[in-house]
Amino acid sequence: MCGIVGYVGDNQAAPLLLHGLSKLEYRGYDSAGIAVRNEATGDIRILKAKGRLHALSEKTDDGHAVTGTCGIGHTRWATHGEPSEVNAHPHCTDDKSVVLVHNGIIENYQELKEKLVREGYDFYSETDTEIATKLIDYYYKKTGDPLEALTRAMLRFRGSYAFGILFKDYPGKIFAARKDSPLIIGKNETGHFIASDVPAILDSVRNVYYIDNLEIAELTREKVHFYDIDRNEIKKEMVEIKWNEEAAEKGGYEHFMLKEIFEQPKAVRDTMNAYIKDEQIDFSAVGLTDEIIENLERVYIIACGSAYHVGMAAKYIIESMSNISVEVDLGSEFRYRDPKLAKNSIVIIISQSGETADSIAALRLSKEKGASVLGIVNVVGSSIA
């Protein structure tokens, strides 16, 4: 689960990027990097470090050694290529015409790389992200239009991505796009932010936009514009974040798992209270009617990792309290076994982040098969939600 932060505004970007990335350390990472544009010279400076974020902070004097008010940053968890400075993000073209950070996986990276090699591109890293960067550059050099370059590249990518992008020819702008990986836009009095998760920018902003699948955002200090894959401008409603920064962090506990263990009673109460009205359980707000529940013949629980073990525990409890059979599947296996879902069934997707890729794929397959789907997640506005 890599992390993305970006900023364009009045303040120096590098310290804000490093601070935001530090709020995403809980996601795990093996390297980090930032890219900052010096608006006076037009140069884009890229700095990376292997290992903990502290190494990048030392290299940049906590960001104060890097001048510029527009930049993007990233913490990487290696998928393609070993942990190293070379493989760390941001990635760029030789002339830095396109500089990019990326969460997700480009599944058809080898096919795209072969195309780009034929077009004369060289590659310095082992990452799929460098290939994505240079495919966008390929279309940008053909069209001269960042939006058209992005949409044409997005139509070629198979897999998942959240991008933060600087185009050298467009000072004071950040472009962002996503498919199946989370990305939000935040706004305060100094400018605009992008982030892969709310905690990265929560101490700077309270109002955010959620970018949906196959959408693009164009950010400047004053404004943000949103576009669909056909480059039609679209309107979005801003959402106020009502939970506080402390709730997003460790709250004095040694680590997040310990915090979550001690928070279980409150989490259960908070979850139940949202669906209890006049001392009666009422799921109508999520579309789960009494009729659906009364006619249930089968429950399918789908999850990954520790959420899968939660599903196994729930199976015993549900079956002991009802006359309904429960099946539990790993999200990574469900979509590959051509599941046969009972007619009157419900699929329950469990995911802490709401962004687990295999669970999202299982959710979509379940909906295609006509099943009722209930998501249990920890993040408002996440893909599963």
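Below is a short write-up of the structure.

The rules behind these values
- Here the residue index of a chain counts from 1 through its sequence in written order.
- The predicted nature of this model means local features are confined to residues of pLDDT at least 70 and side-chain atom pairs, given and counted, to a pLDDT of 80 or more, with totals for whole chains, interfaces and linings taken over all residues.
- Hydrogen atoms and water are omitted, and side-chain values are computed over all heavy atoms in the structure.
- Note on conventions: DSSP H or I runs of at least 4 residues are helices, E runs of at least 2 residues are strands, and numbering of each starts at the N terminus.
- For this measure, only C-alpha atoms enter the radius of gyration; the expected value for a globule follows 2.2 Å times N^0.38, where N is the number of residues.
- The cut-offs for exposure are 20% and 50% of the maximum accessible area for each residue type, with area from a 1.4 Å probe on protein chains only; residues under the lower value are buried, those over the upper are exposed, and the others partly exposed.
- Any two residues whose heavy atoms approach within 4.5 Å at even a single point are treated as in contact.
- Computed with the Shrake-Rupley method and a 1.4 Å probe, the accessible areas treat only the protein chains shown as cover for residues.
- Neither His nor the chain termini are counted; the positive set is Lys and Arg, and the negative set is Asp and Glu.
- Every charge is mapped onto a representative atom, which is NZ of Lys, CZ of Arg, CG of Asp or CD of Glu.
- By the convention used here, strands pair only if DSSP detects at least 2 bridges between them.
- Axis angles are defined between N-to-C directions and span 0 to 180 degrees, where every axis is a line fitted to C-alpha atoms and, for a helix, only to the segment in contact.
- Any pair of N or O atoms that falls within 3.5 Å is considered a polar contact. Within protein, one atom must be able to donate a hydrogen and the other to accept it, and sequence-neighbouring residues count only if both atoms are side-chain atoms.
- Given the number of residues in a helix, its expected span is that number minus one, multiplied by 1.5 Å.
- What counts as a ring pair is set by centres within 6.5 Å for rings of Phe, Tyr and Trp (its six-membered ring), and what kind of pair is set by the plane angle: stacked under 30 degrees, edge-to-face over 60, tilted for all other angles.
- Whether a charge sits over a ring depends on NZ of Lys or CZ of Arg being within 6 Å of the ring centre and within 35 degrees of the ring normal.
- Any carboxyl oxygen of Asp or Glu that lies within 4 Å of a side-chain nitrogen of Lys or Arg is treated as forming a salt bridge with it.
- Angular relationships are summarised with four words: roughly parallel below 35 degrees, roughly antiparallel beyond 145, roughly perpendicular across 65 to 115, and oblique for the angles in between.
- Less than a right angle of anticlockwise turn of the near helix away from the far helix marks a crossing as left-handed, whereas a clockwise turn marks it as right-handed.
- Only Asp, Glu, Lys and Arg are considered charged in this grouping, and only Ala, Val, Leu, Ile, Met, Phe, Trp, Tyr, Cys and Pro are considered nonpolar; every other residue, Gly among them, is considered polar.

**A few points about the overall build of the protein chain**
Moving on, step 1. Tallying secondary structure elements over the protein chain gives eleven helices and 21 strands in all.
Moving on, step 2. Computed over C-alpha atoms, the radius of gyration of the protein chain comes to 22 Å, within 12% of the 21 Å expected from 2.2 N^0.38 for 385 residues, which places it in the range of a compact globule.
Moving on, step 3. Dimensions along the principal axes, computed over C-alpha positions, put the protein chain at roughly 70 × 50 × 40 Å.
Moving on, step 4. A burial count over the protein chain gives 47% of its 385 residues as buried.
Moving on, step 5. Intrachain contacts of the protein chain at a sequence separation of at least 6 include 67% that bridge at least 24 residues.
Moving on, step 6. As presented, the protein chain carries roughly 18,700 Å² of accessible surface, and 49% of it is formed by carbon and sulfur atoms.
Moving on, step 7. Separation of charge centres in the protein chain, based on 45 positive and 59 negative side chains, amounts to 3 Å.

**Some points on the sheet that holds strand β20 (residues 345-351)**
Moving on, step 1. An order of β19-β18-β20-β21 is seen for the four strands of this open sheet, with the pairing classed as parallel. Sheet topology places β19 (325-330) and β21 (372-377) at the edges, where each strand pairs with a single neighbour. Going across the sheet, the axis of each strand differs from the next one's by a mean of 20°, ignoring polarity.
Moving on, step 2. Lying over the sheet, helix α9 (residues 306-321) contacts β18 (298-303), β19 and β20, oriented at roughly 175° with respect to β19.
Moving on, step 3. Of the strands in this sheet, β18, β20 and β21 touch helix α11 (residues 357-368), which is tilted by about 165° from β20.

**Focus on the side chain of E218**
Moving on, step 1. Within the secondary structure, E218 is located in strand β12 (residues 215-219).
Moving on, step 2. Within the structure, E218 has its side chain in polar contact with the side chain of K173 (distance 2.5 Å).
Moving on, step 3. A distance of 3.3 Å separates polar atoms of two side chains, one belonging to E218 and the other to Y227.

**Some remarks on the environment of A200**
Moving on, step 1. Mapped onto the secondary structure, A200 falls in the loop between β10 (191-195) and β11 (207-210).
Moving on, step 2. Look at A200 and you get buried, because its relative accessible area is 4%.
Moving on, step 3. Excluding residues within four positions of it along the chain, A200 makes contact with V5, G20, K23, L24 and A195.

**Thoughts on α11**
Moving on, step 1. The terminal C-alpha atoms of α11 lie 17 Å apart, and with twelve residues this matches the ideal 16 Å at 1.5 Å per residue to within 8%.
Moving on, step 2. Among the residues of α11, those classed as buried are S359, I360, A361, A362, L363, L365 and S366.
Moving on, step 3. In this structure, the buried side of α11 is in contact with β18, α10 (331-334), β20 and β21.
Moving on, step 4. Looking one or two residues beyond α11, the residue adopting positive phi is G370, at roughly 85°.

**Details of the packing of aromatic side chains**
Moving on, step 1. In total, this model carries ten aromatic pairs according to the counting rule given.
Moving on, step 2. Ring geometry for F157 against F163: centres 5.7 Å apart, planes inclined by 65°, an arrangement best described as edge-to-face.
Moving on, step 3. F157 sits in the buried class, given a relative accessible area of 6%.
Moving on, step 4. Judged by relative accessible area, which is 0%, F163 ranks as buried.
Moving on, step 5. Among the aromatic residues, those joined into a ring-pair cluster are Y140, F167, Y170 and F175.
Moving on, step 6. The aromatic ring of F123 is capped on one face by K134, whose charged end is 4.9 Å from the ring centroid.

**A look at the side chain of E355**
Moving on, step 1. In this structure, E355 sits in the loop between β20 and α11.
Moving on, step 2. For the buried residue E355, which engages in no salt bridge, the nearest side chain bearing the opposite charge is R178, 4.6 Å off.
Moving on, step 3. Among the polar contacts made by the side chain of E355, one reaches the side chain of S383 at a distance of 2.6 Å.
Moving on, step 4. Sequence-distant contacts of E355, that is, excluding residues within four places in its chain, are made with D180, S181, P182, I360, S382, S383 and I384.

**Describing the pairing of strand β1 (residues 3-9)**
Moving on, step 1. In terms of burial, β1 is largely enclosed, as seven of its seven residues are buried.
Moving on, step 2. Across the two faces of β1 the burial is the same, with G3, V5, Y7 and G9 and I4, G6 and V8 all buried.
Moving on, step 3. Bridge count for β1 against strand β4 (residues 70-76) is six bridges, and the pairing is antiparallel. What sits directly across from G6, in β4, is I72.

**Topic: the environment of E119**
Moving on, step 1. By secondary structure assignment, the location of E119 is in the loop between α3 (109-118) and α4 (128-143).
Moving on, step 2. Given a relative accessible area of 43%, E119 falls into the partly exposed group.
Moving on, step 3. Remark: the alpha-carbon pair of E119 and Y138, spanning 19 residues in sequence, is separated by 8.5 Å.

**Here's the deal with the packing of α4 against helix α5 (residues 146-156)**
Moving on, step 1. Interaxial distance between α4 and α5 falls to 8 Å at its minimum, and their mutual angle equals 135°. In terms of orientation, α4 and α5 fall into the oblique class. Seen from above, α4 lies across α5 with right-handed handedness. Here L135, I136, Y139, Y140, K142 and T143 of α4 come into contact with α5, specifically with P146, E148, A149, L150, R152, A153 and R156.
Moving on, step 2. Among the residues forming the contact of α4 with α5, the class breakdown is eight nonpolar, one polar and four charged.

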